[in-house]
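# Examination of the molecular architecture
Single-letter residue listing:
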Amino acid sequence: EDRAIKLGGTAELKLGAKPRFEAVLSARQIDIDRALLTADAPQRTPVALLRSMTDTLSELTRPSIPTKIGIGIDAATLGGATLIGLHGDIRAEAGAWSVDTLEFRAPGATQVRASGSLKLAAGSTEFAGPASIDSADPKTLIAWLEGRLDAPRATIGALRVRGDVTLGAQRLAIE
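Residues numbered from 1 in each chain as written. Predicted model: local features only at pLDDT ≥ 70, side-chain atom pairs only at ≥ 80, totals over all residues. Heavy atoms only, no water.

### Considering the overall build of the protein chain
Counting secondary structure elements, the protein chain contains 3 helices and 9 strands. Start at the N end of the protein chain and walk to the C end: the helices and strands fall as β-β-α-α-β-β-β-β-β-α-β-β. Taking all contacts inside the protein chain whose residues are at least 6 apart in sequence as the whole, residues at least 24 apart take part in 47%. When the accessible surface of the protein chain is totalled, it reaches about 10900 Å², and 57% of it is carbon and sulfur. (Helix = DSSP H or I, 4+ residues; strand = E, 2+ residues; numbered from the N terminus. Contact = heavy atoms within 4.5 Å. Areas by Shrake-Rupley, 256 points an atom, 1.4 Å probe, with all protein chains shown as cover.)

### A word on the confidence of the model for the protein chain
Looking at the protein chain as a whole, its pLDDT mean stands at 85, while 84% of the residues score no less than 70. The secondary-structure element of the protein chain with the lowest mean pLDDT is helix α2 (residues 46–57), recorded at 71, while strand β1 (residues 8–14) shows the highest, at 95. (pLDDT = per-residue confidence, 0-100.)

### Structural notes on the sheet that holds β1
Spatially, 9 strands are ordered β1-β2-β3-β4-β5-β6-β7-β8-β9 in an open sheet, and the strand pairing comes out mixed. Edge strands, defined here as strands with exactly one partner in the open sheet, are β1 and β9 (172–174). When strand polarity is set aside, the average angle formed by the axes of neighbouring strands in this sheet is 15 degrees. Running at roughly 140 degrees to strand β7 (residues 126–135), helix α3 (residues 138–145) makes contact with β3 (67–78), β4 (81–93), β5 (96–106), β6 (110–119), β7 and β8 (159–168) of the sheet. (Pairing = 2+ DSSP bridges. Axes fitted to C-alpha atoms, helices over the stretch in contact; angles between N-to-C directions.)

### So, the nonpolar core
Core analysis: the largest hydrophobic core is formed by 15 residues, its most contacted members being Ala76, Leu83 and Trp144. For this core, the elements supplying multiple residues, two or more each, are β2 (20–31), β3, β4, β5 and α3. Every residue in contact with tryptophan 144, bar those within four places of it in the chain, is listed here: Pro46, Leu78, Gly79, Ala81, Leu83, Ala106, Pro107 and Leu149. Of all hydrophobic cores here, the second largest spans 7 residues; its members include Ala92, Val99, Ala114 and Leu120. (Core = buried A, V, L, I, M, F, W, Y, C linked by side-chain atoms within 4.5 Å. Buried < 20%, exposed > 50% of the residue type's maximum accessible area, 1.4 Å probe, protein only.)

### Let's talk about α3
Think of an α-helix as turning once every 3.6 residues; residues three or four places apart then point the same way. The set of residues buried in α3 consists of Pro138, Leu141, Ala143 and Trp144. Note on α3: the residue one or two positions beyond its end, glycine 147, has a positive phi of about 90 degrees.

### With respect to unusual backbone geometry
We note that alanine 109 has phi near 50 degrees; this positive angle belongs to a residue other than glycine. Among the secondary structure elements, alanine 109 is positioned in the loop between β5 and β6.

### Concerning the pattern of salt bridges
In a structure, side chains of opposite charge can pair up when their charged atoms sit close to one another. Applying the stated rule across the entire model yields 9 salt bridges. Across the pair aspartate 100 and arginine 91 runs a salt bridge, and its minimum N-O distance is 2.9 Å. By relative accessible area, aspartate 100 is classed as partly exposed at 27%. Across the salt bridge formed by glutamate 146 and arginine 148, the nearest N and O atoms sit 2.7 Å from each other. Each of Arg91, Glu93 and Asp100 takes part in salt bridges that share partners, so that together they form one network. (Salt bridge = Lys/Arg side-chain N within 4 Å of Asp/Glu carboxyl O.)

### Focus on the side chain of aspartate 134
Relative to the elements of secondary structure, aspartate 134 occurs in strand β7. A polar contact of 2.8 Å, which involves the side chain of aspartate 134, links it to the side chain of arginine 160. Among the polar contacts listed, one links the side chain of aspartate 134 to the side chain of arginine 162, at a separation of 3.0 Å. Beyond its immediate sequence surroundings of up to four residues, aspartate 134 is in contact with Ala109, Thr110, Gln111, Arg113, Leu159, Arg160 and Arg162. (Polar contact = N/O pair within 3.5 Å; in protein donor to acceptor, adjacent residues only side chain to side chain.)

Below is the structure:
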């Protein structure tokens, strides 16, 4: 019960002429902050925490067989706030990773959806693909992304953003 991340799930490994690995991981609640930060470490922004996670993932090698991993987490703590309904499907084929679906609810009554390719290379992890953000309270969302939990109370109206996104260590582009 003391662990920040406790996942359950199933996995299937098939060998033979067409080998493949498939897994489904799930959790009721995980604390990403506690898993990545030490007790005396200063609070970091969600973007910095995600970058730390992707840098760790970039050290993984590409699987030699087709791989598909489904993830379903009811609640995840990231950057001092709770992400709700984090669900996704990640696939690796022919040496390339792709995010088939990624969906979650973030602070500010914000729904995030994305899919696309994921390039995991040491120091230069990059995601590219279509994404959408629908936020009823963008000030709260922006405050959370900046690492502030004290969002201004005045509302500015809803925010709806859709486009092809490229996120990486070297660039951020939205078309």
